[in-house]
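Breakdown of the fold
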Amino acid sequence: MCKSIAVLTSGGDAPGMNAAVRAVVRAGIHRGFKVYGISRGYHGLLKREVTEMNLRSVSDIIGRGGTLLYTARCRAMMTPEGQQQAAEICKSLDIEGLVVIGGDGSFKGARALSNLGIPCVGIPGTIDNDIACSDYTIGFDTAMNTAMEMVDKIRDTAQSHDRCSVVEVMGRRCGDIALQTGIAVGATSILVPEVPFDLESDVISRIYEQKSTGKKHFIIVVAEGVGGVEDLAKYIEKRTGIESRATVLGHVQRGGSPTLRDRLMATAMGVEAVDLLEKGIGNRVIAYKDSKIVNFDITEALDMPREFDRHLYEVALEASI
């Protein structure tokens, strides 16, 4: 059993990270650990930015967006030298276990540290929902709700002017935010990197089809991994004569108070991570699979192919005619 553990947040920030940190700190202290907070991810670890946490260190953060511990990306941690240095620093500070909240890149660092004798447990924290081993990642629900609220507001002006609004949401190579937000706002078309598309049949024809039934304003939701919303808006206007505008929602989707679901999932995953470290188990990733909190070997988790929900995509197409 570990006597002292640490927690860090790494990579892009996500609403709910604070709730996960809170859960790790509270559960760790409750089980008799010393718990340390590492600022600015692996970068902060290499700089020894480590502070002992207490119960009041995490008071009133469960509803705050961002991350109390700050976050950063660390190129040095991608090298064997940086990984060895990080492990030696953990040992010198008597850190016997580490909880890493982040995405795939963060988990690769956790795997390296586990192999060097520092048991690590990863918690999926990314708004993109792109961790293959988990059906859900912390921050995803909040990001979708933020995107939905923004598109609802854009719809008001699109409706007032009989326009087509082309809206880009975040997600990099993953179209989950676009897909689920698009369904929630009744988008005419949803373009995601996982599904090949043709602008004529998948956008222009659908606009004409809806226009023939009396619809006068249109919403096109585009995943970040597809991009090109400015050019798409110009293309739509040229082909249809409908005034079109492009909007990139950007990093507004990363901020804001986490939803109930993100707070709940973050708390459950944080406690599960501490439970594993209490048993001396490392090199694992916490996941939400088939409505249960489970865990996987990090290498197994990183090697899993991500599956896009094609059935839900077909639902979107049928519901938006």
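Thresholds, definitions, all that
- Residues numbered from 1 in each chain as written.
- Predicted model: local features only at pLDDT ≥ 70, side-chain atom pairs only at ≥ 80, totals over all residues.
- Heavy atoms only, no water.
- Helix = DSSP H or I, 4+ residues; strand = E, 2+ residues; numbered from the N terminus.
- Rg over C-alpha atoms; globule rule 2.2 N^0.38 Å.
- Buried < 20%, exposed > 50% of the residue type's maximum accessible area, 1.4 Å probe, protein only.
- Core = buried A, V, L, I, M, F, W, Y, C linked by side-chain atoms within 4.5 Å.
- Contact = heavy atoms within 4.5 Å.
- Axes fitted to C-alpha atoms, helices over the stretch in contact; angles between N-to-C directions.
- Parallel < 35°, antiparallel > 145°, perpendicular 65-115°, else oblique.
- Left-handed = near helix turned anticlockwise from the far one by under 90°.
- Nonpolar A, V, L, I, M, F, W, Y, C, P; charged D, E, K, R; others polar.
- Pairing = 2+ DSSP bridges.
- Right-handed = clockwise from strand over helix to strand, strands pointing away.
- 1 Å grid on protein atoms, 1.4 Å probe; cavity = no way out; pocket = protein on both sides within 12 Å on 5 of 7 lines; lining within 4 Å.
- Points joined across faces, edges and corners; volume = space filled by probe spheres on them.

Tallying secondary structure elements over the protein chain gives 11 helices and 11 strands in all. Taking 321 residues into account, the globule formula puts the C-alpha radius of gyration at 20 Å, and the protein chain, at 22 Å, falls close to it. Reported as C-alpha extents along the three principal axes, the dimensions of the protein chain are approximately 70 × 35 × 35 Å. Counting over 321 residues, the protein chain shows a buried share of 53%.

The subject of this paragraph is unusual backbone geometry. Not every positive phi belongs to a glycine, and Arg48 is a case in point at roughly 60°. Its place among the elements puts Arg48 in the loop between α2 (41-46) and β3 (50-53). Residue Arg48 is classed as partly exposed on the basis of its relative accessible area of 46%. We note that Asp94 has phi near 60°; this positive angle belongs to a residue other than glycine. Residue placement: Asp94 occurs in the loop between α3 (80-92) and β4 (97-102).

Turning to the nonpolar core, a few remarks are in order. Val7, Val99, Ile101, Ile123 and Val192 are the most contacted members of the largest nonpolar core, which has 56 residues in total. Leave out the neighbours within four places in its chain, and Val7 touches Val21, Val24, Val25, Tyr36, Gly37, Ile38, Leu69, Leu98, Val99 and Ile101. In terms of nonpolar packing, the next biggest core, distinct from the first, is built from 29 residues, Leu46, Cys74, Val100 and Cys120 among them.

It is at 11 Å that the axes of helix α7 (residues 199-212) and helix α8 (residues 229-240) come closest, and there the two elements cross at 50°. In terms of axis orientation, α7 runs oblique to α8. α8 is crossed by α7, and the crossing has right-handed handedness. Residues Leu199, Glu200, Val203, Ile204, Ile207, Tyr208 and Lys211 of α7 form the contact with α8, whose participating residues are Leu232, Tyr235, Ile236, Arg239 and Thr240. Taken together, the residues that form the contact of α7 with α8 break down as 8 nonpolar, 1 polar and 3 charged.

Right, let's get into the pairing of strand β8 (residues 218-223). Most of β8 is tucked away, with 6 of its 6 residues classed as buried. Side chains Phe218, Ile220 and Val222 project from β8 onto one buried face, and the interleaved Ile219, Val221 and Ala223 project onto a second face that is buried too. Both strand β6 (residues 164-169) and β8 contribute to a ladder of 6 bridges, which runs parallel. Following the sheet pairing, Val167 is matched in β8 by Val221. Of the pairings in the sheet, the one linking strand β7 (residues 189-191) to β8 comprises 3 bridges and is parallel in character. Counterpart to Ser189 in the pairing with β8 is Ile220. Following the backbone out of β7, through α7 and into the adjacent parallel β8, one traces a crossover that is right-handed.

Before going further, it helps to spend a moment on the layout of surface pockets. Here the largest pocket is characterised by a volume of approximately 760 Å³. Around the largest pocket sit 35 residues that line it, and Gly103, Asp104, Gly105, Ser106 and Arg172 are the ones nearest its centre. Elements with a minimum of two residues in the lining of the largest pocket: α4 (104-115) and α10 (298-303). For the lining of the largest pocket, the element with the highest residue contribution is α4, accounting for 5 residues. Residues belonging to the lining of the largest pocket are distributed by class as follows: 13 nonpolar, 11 polar and 11 charged. Lining of the second largest pocket is provided by 22 residues; of these, Asn129, Ser134, Asp135, Asp176 and Glu307 occupy positions nearest its centre. Residues that form the lining of the second largest pocket fall into these classes: 11 nonpolar, 3 polar and 8 charged.

Let us now look at the packing of helix α5 (residues 140-161) against helix α6 (residues 176-185). Interhelical geometry of α5 versus α6 gives an angle of 45° and a closest axis separation of 9 Å. As far as their axial angle goes, α6 and α5 are oblique. In the packing of α5 onto α6, the handedness of the crossing is right-handed. Judged by residue contacts, Phe140, Ala143, Met144, Ala147, Met148, Val151, Asp152 and Arg155 of α5 engage Asp176, Ile177, Gln180, Thr181, Ala184 and Val185 from α6. Each residue belonging to the contact of α5 with α6 can be placed in one class, and the counts come to 9 nonpolar, 2 polar and 3 charged.

Geometric values such as these leave the question of function open.
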